[in-house]
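Below, each chain spelled out in residue letters.
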Amino acid sequence: MPQTRFVKLPHRPKVAVTRRLPQAVETRMAELFEVTLNHEDIALDREQLAALMADCDVLVPTVTDEIDAGLIGGASERLKLIANFGAGIDHLDVGAARARGIPVTNTPGVLTDDTADMVMALILSVPRRLAEGEKLVRSGEWRGWSPTGMLGHRVSGKRLGIVGMGRIGQAVAARARAFGMAVHYHNRRRLPKAVEGALEATWWPSVDDLLARVDVISLNCPETPETHHLMNAERLKRMAPHAYLINASRGTLVDEAALVNALTHGGIAGAGLDVFEEEPRIHPGLLALPNVVLLPHMGSATFEGRQAMGEKVIANIRIWADGHRPPDQVLSEY
C-alpha cells in the first residue's frame, strides 16, 4: 500500500468543489487556491466527477457525491487530497483512497449542536403533532380550541433510546435530559462511567434489548454495512405501538417500506425523518401519512455551521499544501 507523504506544494493547489458553498467560503478559496466552483449547484454525475478528478490536486466533495473505488482508481496522479465538506464519509471509499496514498479529510465537530437541535425538534414535534396542527391551520378547517382537539403526548417523563452515542448522540442526550426525558442508549462501545453519569444514561448491549423499553428511538449513527436497514421490519416490530422513530443521520438506516407498513397498521405511533433512502425521492407511502414529520435533510443547515465547515475544509487544504498532515485526516472507516 502506498505510503502517504506530505510534501509542500511548489504552487497554489488546484481545488475542485462539487457543490455550491457559502459565498464567503468560495471567495476565500478563490483567494488562496486555483479553484473550480459549481455555480449551478446541481449534483454532478459520474462522468462529471471523473472529469474533475482527472485535473485537480484537491477534490472537495459533499454527501451527494458517491466517490467509489472506481472513480478513485481512475483519478489522475495529480489528485493528492480529498477534503470532504461534511463530517460523514460513508459516500467515500476511504480504503481505495488510502490504497492510492490519497489522504481524506472531513469536518468533524462543527455540526454537532445544529444536528442535535434538529433531532430534539423532531422529538418534540412528532408526539405533539406540530406538523398536523400547522397543516390544519393553513387548510382553513380549524374551528378553534376544544378540550379534545389535536391531542398529543408530552415528552417529559418518557424514555429516549439513542442508537449511536457519539458527539451528536451525547448532545441529543443532554437536550433530552433538559426536557425531563430518561436517556437509554446503545453504542458499539459503552461510554465511560463519568460520561454515563453526567448524562444519566443507561446502556443496553444490543439494539434489540433497547427497542422495546423506550418511548422514542433516535438514530444517530453512520451508515455502515452493519447499520444498513438497521430498522427493518423485525426491529420495528420490537418497538412499542405508542413509540416514535426519529432519524436525522442517514436514510439507509431505515427500511422505508417496512416503516410505512408499521406506521399504517399501528405498529408504531409516528416518525420524524430528515433523511431518506433514495434522496431526494421520498417513499410515496410516507408522503401520504399524517403521523410523519418529513424534512429536506436540513439537520445541519445553519449559516454558522456551513461557514464553520468551509473553514475546516480550507484549513485542511492549507496545512496539507504546506507539507503537513491535515488536522482532520480520516484515519479509519468507522
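Residues numbered from 1 in each chain as written. Predicted model: local features only at pLDDT ≥ 70, side-chain atom pairs only at ≥ 80, totals over all residues. Heavy atoms only, no water.

Novice: Lay out the nonpolar core with the relevant residues and their values.
Specialist: Formed by 30 residues in total, the largest nonpolar core has its most connected members in Ile217, Leu219, Leu236, Met239, Leu245 and Leu259. Secondary-structure elements contributing two or more residues to this core are α9 (207-211), β9 (216-219), α11 (256-264) and β11 (270-273). Among the elements that take part in this core, α11 stands out by supplying 5 residues, more than any other. Listed in part, the 27 residues of the second largest apolar core include Val119, Ala171, Val216 and Leu295. (Core = buried A, V, L, I, M, F, W, Y, C linked by side-chain atoms within 4.5 Å. Buried < 20%, exposed > 50% of the residue type's maximum accessible area, 1.4 Å probe, protein only. Helix = DSSP H or I, 4+ residues; strand = E, 2+ residues; numbered from the N terminus.)

Novice: How would you explain the side chain of serine 76 if you had to name every residue and give the values?
Specialist: With respect to the element layout, serine 76 can be found in the loop between α3 (69-74) and β4 (81-83). Given the relative accessible area of 18%, serine 76 is considered buried. Setting aside residues no more than four positions away along its own chain, serine 76 makes contact with Met53, Ala54, Asp55 and Arg100. (Contact = heavy atoms within 4.5 Å.)

Novice: I'd like to hear about the side chain of arginine 250, residue by residue, with values.
Specialist: In this fold, arginine 250 is placed in the loop between β10 (244-247) and α11. A residue is classified by how much of its surface remains accessible, and arginine 250, at 17% relative accessible area, is buried. Polar contacts involving the side chain of arginine 250 include one to the side chain of aspartate 90, which spans 3.0 Å. Contact partners of arginine 250, with chain neighbours within four places excluded, come to Val63, Gly88, Asp90, Glu223, Val275 and His297. (Polar contact = N/O pair within 3.5 Å; in protein donor to acceptor, adjacent residues only side chain to side chain.)

Novice: Break down the UniProt feature "domain: D-isomer specific 2-hydroxyacid dehydrogenase catalytic" (unreviewed entry) in the protein for me, citing the residues and quoting the values.
Specialist: The UniProt record annotates "domain: D-isomer specific 2-hydroxyacid dehydrogenase catalytic" (unreviewed entry) at residues 15-330. Regarding residues 15-330, the helix share stands at 37% and the strand share at 13%, and the terminal C-alpha atoms are separated by 19 Å. (UniProt positions renumbered as here; feature names shortened; annotations may be inferred.)

Novice: Requested: an account of the pattern of salt bridges, with residues and values cited.
Specialist: Inspection of every chain in the model, using the stated rule, returns 20 salt bridges. A salt bridge links aspartate 55 to lysine 14; the nearest nitrogen and oxygen atoms lie 2.6 Å apart. Of the two residues, aspartate 55 sits in the loop between α2 (46-53) and β3 (58-60) while lysine 14 sits in strand β1 (residues 14-17), which places them 41 residues apart along the sequence. Judged by relative accessible area, aspartate 55 falls into the partly exposed class, the value being 37%. (Salt bridge = Lys/Arg side-chain N within 4 Å of Asp/Glu carboxyl O.)

Novice: Tell me what's going on with the packing of helix α5 (residues 112-125) against helix α7 (residues 167-178), and back it up with residues and numbers.
Specialist: Geometrically, a packed helix pair is captured by the angle between its two axes and the distance between the axes. Here α5 crosses α7 at 50°, and the two axes come no closer than 9 Å. The angle between α5 and α7 falls in the class oblique. Crossing of α5 against α7: the hand is right-handed. Contact residues: α5 offers Thr112, Asp113, Thr115, Ala116, Asp117, Val119, Met120 and Ile123, while α7 offers Arg167, Ile168, Ala171, Val172, Arg175 and Ala176. For the contact of α5 with α7, the class distribution of residues is 8 nonpolar, 2 polar and 4 charged. (Axes fitted to C-alpha atoms, helices over the stretch in contact; angles between N-to-C directions. Parallel < 35°, antiparallel > 145°, perpendicular 65-115°, else oblique. Left-handed = near helix turned anticlockwise from the far one by under 90°. Nonpolar A, V, L, I, M, F, W, Y, C, P; charged D, E, K, R; others polar.)

Novice: Report on the environment of proline 326, specifying residues and quantitative values.
Specialist: Its place among the elements puts proline 326 in the segment after α13 (303-321). Distance from proline 326 to cysteine 56, taken between C-alpha atoms, is 18 Å for residues 270 residues apart in sequence. Setting aside residues up to four positions removed in sequence, proline 326 forms contacts with Phe6, Thr105, Asn316, Ile319 and Trp320.

Novice: Go over the domain arrangement of the protein with me, naming the residues and quoting the values.
Specialist: For the protein, the assigned domains are domain 1 (14-106 + 302-322) and domain 2 (111-294). Taken together, the contact between domain 1 and domain 2 spans 6 residues of the former and 4 residues of the latter. Both sides together, the interface formed by domain 1 and domain 2 hides about 490 Å², and carbon and sulfur atoms give 53% of it. The largest share of the area that domain 1 buries against domain 2 comes from Asp90, Thr302 and Met309, three residues that together contribute 64% of it. Taken together, the connections running from domain 1 to domain 2 amount to 1 salt bridge. A salt bridge links aspartate 90 to arginine 250, with the nearest nitrogen and oxygen atoms 3.0 Å apart. Counting across the domain 1 and domain 2 interface gives 2 residue pairs in polar contact (both at pLDDT 80 or more). Residues that form the side of domain 1 that touches domain 2 fall into these classes: 2 nonpolar, 3 polar and 1 charged. (Domains from an automatic or database assignment. Buried area = accessible area lost by both parts, 1.4 Å probe.)

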